[in-house]
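Survey of secondary and tertiary structure
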Amino acid sequence: MPGLQQTAQLGAVYMSSGWLSAEDDFQETFTDEVSQEMRRCLVGTALVDVRIHIDRLDREGRLATFLNGGGEHRLSGTVEFVYPGRGNEVVGRFPVSVVVHDNGGLNGLVTDRQMVVSEAFGRAICEEGFGRNPRGPNVTNATAD
């Protein structure tokens, strides 16, 4: 819808997937992190729900990251923006894929890999769908470039 990109406000975030090799709390972590990022870039008044189907999640193992001096975590899926004000009409759909580089070391052993890759995914949705990064490069952005 014309203008929705500038006037959208986050309603709810829904995640679906086939089988994923992830911890039990992945869905909760993912929707929390994506919601936080989306609330930073959707600052209007027109409620928009976000539906995300995750089709790939690959995380480097903690020990391998530590021993190899780094690794990569990958997450990809399809994002839909749904406008509940028009009978859940899909007003946008696009693929999102992110790769987060882990520098390894002690940080690689203790970092919440699910949180970091989920935050990056939320940021990528904002960049792709709204043309803006919800966070600048600072200490609150675990995926700052």
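All of the points below concern the structure found in this document. Chains are numbered independently. Their residues run from 1 in the order of the written sequence. Side-chain atom pairs in this predicted model are given and counted only at pLDDT of 80 or more, local residue features only at pLDDT of at least 70, and totals for whole chains, interfaces and linings cover all residues. Water and hydrogen atoms play no part in the side-chain values, which are based on all heavy atoms of the structure.

What makes a salt bridge here is a side-chain nitrogen of Lys or Arg within 4 Å of a carboxyl oxygen of Asp or Glu, nothing more. For the coordinates displayed, the defined rule picks out five salt bridges. The shortest N-O distance in the salt bridge between Arg51 and Glu80 comes to 2.9 Å. Residue Arg51 is found in strand β2 (residues 46-59), and its partner Glu80 is found in strand β3 (residues 71-83); the two are separated by 29 residues along the sequence. Think of it in three bands: residues with accessible area under 20% of the maximum for their type are buried, residues over 50% are exposed, and the middle band is partly exposed, with areas taken using a 1.4 Å probe on protein chains only. Given a relative accessible area of 16%, Glu80 falls into the buried group. Across the pair Arg93 and Glu80 runs a salt bridge, and its minimum N-O distance is 2.6 Å. In this pair, Arg93 is assigned in strand β4 (residues 89-102) and Glu80 in strand β3, connecting sequence segments 13 residues apart. Taken together, the salt bridges that share partners define one network made up of Arg51, Glu80 and Arg93. Here a strand is any run of E in DSSP of at least two residues, a helix any run of H or I of at least four, and the numbering for each starts at the N terminus.

Moving on, we get to the environment of Gly71. Here Gly71 shows up in strand β3. Here Gly71 falls in the buried class, since its relative accessible area comes to 15%. When the C-alpha positions of Gly71 and Arg59 are compared, they lie 8.4 Å apart, and in sequence the two are 12 residues distant.

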